[in-house]
Amino acid sequence: MTETAARVPVDGVAVTAIGVAIIRARESERDDRLYDDPQAKDFVAAARKGFDPERWARMEALADQFYDGRTIGVRLVDERFREAIEAGCGQIVLLGAGLDTRAYRLDLPPTLHVYEIDLPELFAFKEPVLAATAATPTCHRHVVIADLRENWRKTLLDIGFDPTVPTCWVDEGSLGYLNQDWNRQVVLTLTELSAPASRFGAGRMTIDPESPRYRELRRLVSGDDTPQPPAPTHTPDSDIEHWLNTIGWTTEFRSWNDMTAHLPRPTTPLDPRIGTIAAIRR
Ligand SMILES: C[S@@+](CC[C@H](N)C(=O)[O-])C[C@H]1O[C@@H](n2cnc3c(N)ncnc32)[C@H](O)[C@@H]1O
């Protein structure tokens, strides 16, 4: 069989997925790890070959700056996956899946369907790297090559997504890269595709787009010399919870401090308004 070479995205928004893989690879090496993602190191090794050393050093330094909060976030989403499956969700859709490998590493049931939506340049890197490993997913894994600003609904349905089955929709650091109009459009579309008892989690957090780490993130994404796209946007006091209720979801706010209290790793307490709006489709 001929293997396709992995094309490493060295700039553009897909590069952010490599940063998260660096974080997951680091966590997986720890004795006190919160999760194990054995394929993260394969993505990191393959990505490093596509970067010049100076740029790669900047990627690693940036991953360091985001590590503490982001790695705990991965563990919380692992927990959300299990909760959703126990509650009867038969499908999980990852919006901006990046280099996520939960279809492989969480021992998910064989009846479950996981749909990974992301851009073509992301999968041009991810799929060859996965193909070179011996791993196989334990559930049905579907690659959905689509731009969330375009007609991803049709692509998802064409691939086999069933809107009559309760679904868990996961945004783990991706929707913030769309502007607010697109963000809302994505949520409206997934709402239409959601059977009763489907789940969605919307982050409520603050970021300072002018902080050094977000400025560096923008520089890396834009390839340093082109106009810089906006940093991910989030506002803690937005009316998103009210809006979700008006379009058909029942919501419950879970603060970051509460969600992380049971973890065997100390975390810095945050503003109690920061956390996740957990939504269930009526
Ligand atoms: C910060 S990464 C997070 C990836 C993954 N959720 C994780 O936690 O590892 C953001 C991801 O969103 C994807 N993304 C950004 N804009 C997108 C769009 N318009 N359509 C599809 N995917 C997009 C990027 O390609 C990237 O993989």
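Keep in mind it's a predicted model, so treat the numbers as computed, not measured.

Rules behind the numbers
Residues numbered from 1 in each chain as written. Predicted model: local features only at pLDDT ≥ 70, side-chain atom pairs only at ≥ 80, totals over all residues. Heavy atoms only, no water. Helix = DSSP H or I, 4+ residues; strand = E, 2+ residues; numbered from the N terminus. Polar contact = N/O pair within 3.5 Å; in protein donor to acceptor, adjacent residues only side chain to side chain. Contact = heavy atoms within 4.5 Å. Near = heavy atom within 4 Å. Areas by Shrake-Rupley, 256 points an atom, 1.4 Å probe, with all protein chains shown as cover. Nonpolar A, V, L, I, M, F, W, Y, C, P; charged D, E, K, R; others polar. Phe/Tyr/Trp six-rings, centres within 6.5 Å; stacked < 30°, edge-to-face > 60°. Buried < 20%, exposed > 50% of the residue type's maximum accessible area, 1.4 Å probe, protein only. Lys NZ or Arg CZ within 6 Å of the ring centre and 35° of its normal. Disulfide = S-S within 2.5 Å. Salt bridge = Lys/Arg side-chain N within 4 Å of Asp/Glu carboxyl O.

A. Summary view of the side chain of D147. The residue D147 is located in the loop between strand 3 (140-145) and helix 6 (152-159) in this model. One polar contact links D147 to R149, side chain to side chain, over a distance of 2.6 Å. Aside from chain neighbours lying at most four places away, what touches D147 is L119 and W152.

B. Structural view of the site of the ligand. Close to the ligand lie 21 residues; R24, G96, D118, D147 and L148 are nearest. Between the ligand and R70 there is a distance of 3.2 Å, counted from an oxygen atom to a side-chain nitrogen or oxygen. Burial of the ligand by the protein chains amounts to 97% of its free accessible area of 590 Å². Top element by residues in the shell around the ligand is helix 1 (residues 15-29). It accounts for four residues. Residues that form the shell around the ligand fall into these classes: 10 nonpolar, five polar and six charged.

C. Here's a closer look at the packing of aromatic side chains. Tallied over the full model, the rule gives seven aromatic pairs. Between F43 and F125, the ring centres sit 6.1 Å apart and the planes meet at 50°, which makes this aromatic pair tilted. You can see F43 sitting in helix 2 (residues 40-48) and its partner F125 sitting in helix 5 (residues 120-131), a full 82 residues away along the chain. The class of F43 is buried, set by a relative accessible area of 1%. What links up through ring pairs into an aromatic cluster is the set Y115, W152, F161 and W169. One cation-aromatic arrangement involves R213 over F66; the distance from NZ or CZ to the ring centre is 4.2 Å.

D. Geometry of the environment of D78. Assignment of secondary structure puts D78 in helix 3 (residues 53-86). The exposure class assigned to D78 is buried, which follows from its relative accessible area of 3%. C-alpha of D78 to C-alpha of Y35: the two residues are 43 residues apart in sequence and 8.3 Å apart in space. Discounting residues that sit within four places of it in the chain, D78 has contacts with Y35, R102, R105 and L106.

E. Summary view of the state of the cysteines. Across all of its chains, the model carries zero disulfides by this definition. Here C139 is not disulfide-linked; the sulfur of C168 is the nearest cysteine sulfur, at 13 Å. Sulfur of C168: no disulfide; nearest cysteine sulfur belongs to C89 and is 5.5 Å away. Taking relative accessible area as the criterion, C168 reaches 2% and is therefore assigned buried.

F. Representation of the pattern of salt bridges. Tallied over the entire structure, the rule returns 30 salt bridges. With a closest N to O distance of 2.4 Å, D100 and R102 form a salt bridge. The exposure class of R102 is buried, given its relative accessible area of 1%. The network of salt bridges with common partners includes E54, R55, R58, E216, R219 and D224.

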